[in-house]
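# Analysis of the macromolecular model
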Protein chains: 2
Amino acid sequence: MPSETNPPDQAGAFTDDYLLYLLAQASAGASQAFHAELAKDGIAVSTWRILASLYPDFRLNVGALAEQSLLKQPTLTRTLDRLTKSELVRRVHSAADRRGVLVELTQKGRTLAAEKIEKARAHEAFILKNHSKSEITALKAMLRNLRFCSAGAA
Amino acid sequence: MPSETNPPDQAGAFTDDYLLYLLAQASAGASQAFHAELAKDGIAVSTWRILASLYPDFRLNVGALAEQSLLKQPTLTRTLDRLTKSELVRRVHSAADRRGVLVELTQKGRTLAAEKIEKARAHEAFILKNHSKSEITALKAMLRNLRFCSAGAA
């Protein structure tokens, strides 16, 4: 007989043991409250990701920044234009390649990023409060590996 | 002096040790190749998520299905209309609540889901091939916890 249940009770479902689902659901679940808090301060997720990726003094070209911030280039470009206007980031010329353009934080951007990173760390501590230090270290190590694992996969 | 590096070498960056970033990046990295394979077969990610969430014989209302498939309701409704037309899912009345409508797979939908789930499991085995069974069990247990961890977080 078909089951009639809500997702948290969907025991035995394929999705309850499938890594890609668990990753997507954990990512969405863990981020929800923090993204809502950013929204209350008028900060879009795209803005937050750019600020956090450049903090404190990284200089990235647009391709590397897109990869790092998980933003598609049109969203990234639009957000960068907005952040440049608000003087949170600026474009600078690459020392290695005079035609290359890199993005970095301004002092104003760095201050805002530092403030939000403090809140992000508090959120992280809250959601990990029931886990031991060694569990957290192991989890993060596996997630770091999984970032680049798809290359060559079917 | 500011660093001029690509993301994989961005050692010491805030994002390299921040759980929410690692989750988002691991989720994107692990899914990329599988989603590309689905696209080659003409299957949208939204379709795949609905098929997988209902497999083999779950009946879910639209709210529960949105939560389970991580789709926003407009995308979900649009995709369900398409899948109903292609006879992959059907809407049935709830036994518990005569006004309630539930979604379930048709036999055709179940066959397609089974085929894609087999490929998904092969992809999962590939990306986890360097990890021990106990590491994988621990990872999945932590991800399951993180799905619902945000409630009450700042």
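The sections below set out a description of the structure shown in this document. (Residues numbered from 1 in each chain as written. Chains lettered and ligands numbered in written order. Predicted model: local features only at pLDDT ≥ 70, side-chain atom pairs only at ≥ 80, totals over all residues. Heavy atoms only, no water.)

## Section: the overall build of chain A
- When its secondary structure is counted, chain A shows 6 helices and 2 strands.
- Reading the helices (α) and strands (β) of chain A from amino to carboxyl end gives α-α-α-α-β-β-α-α.
- By the burial criterion, 48% of the 154 residues in chain A qualify as buried.
- Within chain A, counting contacts between residues at least 6 apart in sequence, those at least 24 apart form 48% of the total. (Helix = DSSP H or I, 4+ residues; strand = E, 2+ residues; numbered from the N terminus. Buried < 20%, exposed > 50% of the residue type's maximum accessible area, 1.4 Å probe, protein only. Contact = heavy atoms within 4.5 Å.)

## Notes on helix α4 (residues 73-85) of chain B
Residues and elements named next belong to chain B.
- Relative to the 18 Å expected for 13 residues at 1.5 Å per residue, α4 spans 18 Å between its end C-alpha atoms, a close match to the ideal helical length.
- Taken as a whole, α4 has its buried residues at L76, T79, L80 and L83. End-on, the buried residues of α4 take up no more than an arc of 105°, which puts them together on one face. Residues of α4 that are exposed and angled more than 90 degrees away from the buried face: P74, R78 and K85.
- A positive backbone phi angle near 60° is found at E87, which sits one or two residues after α4. (Expected span 1.5 Å × (residues − 1). Arc of directions from axis to C-beta.)

## Considering the interface of chain A and chain B
- Taken together, the contact pairs 73 residues of chain A with 73 residues of chain B.
- Taken over both partners, the interface formed by chain A and chain B buries close to 7300 Å², and the fraction arising from carbon and sulfur atoms is 62%.
- Interface area lost by chain A to chain B is led by F14(A), M142(A) and R147(A), which between them contribute 10%.
- Summed over the shared surface of chain A and chain B, the result is 8 salt bridges.
- At the level of elements, α1 (19-40), α2 (45-54), α3 (62-69), α5 (107-127) and α6 (133-146) of chain A are the ones that each hand at least two residues to the side of chain A that touches chain B.
- Among the elements that take part in the side of chain A that touches chain B, α1(A) stands out by supplying 17 residues, more than any other.
- Here the residues of the side of chain A that touches chain B are counted per class, giving 41 nonpolar, 18 polar and 14 charged. (Buried area = accessible area lost by both parts, 1.4 Å probe. Salt bridge = Lys/Arg side-chain N within 4 Å of Asp/Glu carboxyl O. Nonpolar A, V, L, I, M, F, W, Y, C, P; charged D, E, K, R; others polar.)

## Remarks on the nonpolar core
- Membership of the largest hydrophobic core comes to 48 residues, with the highest contact counts inside it found for W48(A), L143(A) and W48(B).
- Sorting the residues of this core by element identifies α1, α2, α5 and α6 of chain A together with α1 (19-40), α2 (45-54), α5 (107-127) and α6 (133-146) of chain B as the ones contributing at least two each.
- What L143(A) contacts, discounting residues up to four positions off in sequence, is L23(A), L19(B), L22(B), L23(B), A26(B) and L139(B). (Core = buried A, V, L, I, M, F, W, Y, C linked by side-chain atoms within 4.5 Å.)

## Some words on unusual backbone geometry
Residues and elements named next belong to chain A.
- Put simply, Y55 and P56 share a cis peptide bond, and its omega is -5°.
- By the secondary structure assignment, P56 is in the loop between α2 and α3.
- Despite not being glycine, E87 shows a phi value in the positive range, around 60°.
- Along the chain, E87 falls in the loop between α4 (73-85) and β1 (89-93).

## Observations concerning the relation of the copies chain A and chain B
- Screw-axis analysis of chain A against chain B gives a translation of 0.0 Å along the axis, an RMSD of 0.0 Å, and a rotation angle of 180°. Both copies of the chain, as the preceding transformation shows, are related through a two-fold rotation axis.
- Most of the interface of chain A is mirrored in chain B: 100% of its interface residues are interface residues there too. (Least-squares fit on C-alpha atoms with pLDDT ≥ 70 in both.)

## Some remarks on the pattern of salt bridges
- For the coordinates displayed, the defined rule picks out 24 salt bridges over all chains.
- Among the ionic pairs, K116(B) bridges to E115(B), the shortest N-O distance being 3.4 Å.
- Overlapping salt bridges, with partners in common, bring together D16(A), D17(A), E124(B), K140(B), R144(B) and R147(B) in one network.

## Details of the packing of aromatic side chains
- Under the counting rule described, the total for this entry stands at 10 aromatic pairs over all chains.
- Note on F34(A) and W48(A): the rings are 5.3 Å apart at their centroids and 70° apart in plane angle, and the pair reads as edge-to-face. Here F34(A) is found in helix α1, whereas its partner W48(A) is found in helix α2, with 14 residues between them in sequence.
- For F34(A), a relative accessible area of 1% corresponds to the buried category.
- Each ring, one from W48(A) and one from Y18(B), has its centre 6.3 Å from the other, and the planes form 85°; the classification is edge-to-face. Of the two residues, W48(A) is situated in helix α2 and Y18(B) in the segment before α1; the pairing between them involves two chains.
- What links up through ring pairs into an aromatic cluster is the set F14(A), Y18(A), Y21(A), F34(B) and W48(B).
- Taking NZ or CZ as reference, K129(A) lies 4.2 Å from the ring centre of F126(A), over its face. (Phe/Tyr/Trp six-rings, centres within 6.5 Å; stacked < 30°, edge-to-face > 60°. Lys NZ or Arg CZ within 6 Å of the ring centre and 35° of its normal.)

## Focus: the environment of G63(B)
- Relative to the helices and strands, G63(B) resides in helix α3 (residues 62-69).
- The sequence separation of G63(B) and L76(B) amounts to 13 residues, and the corresponding C-alpha distance is 9.6 Å.

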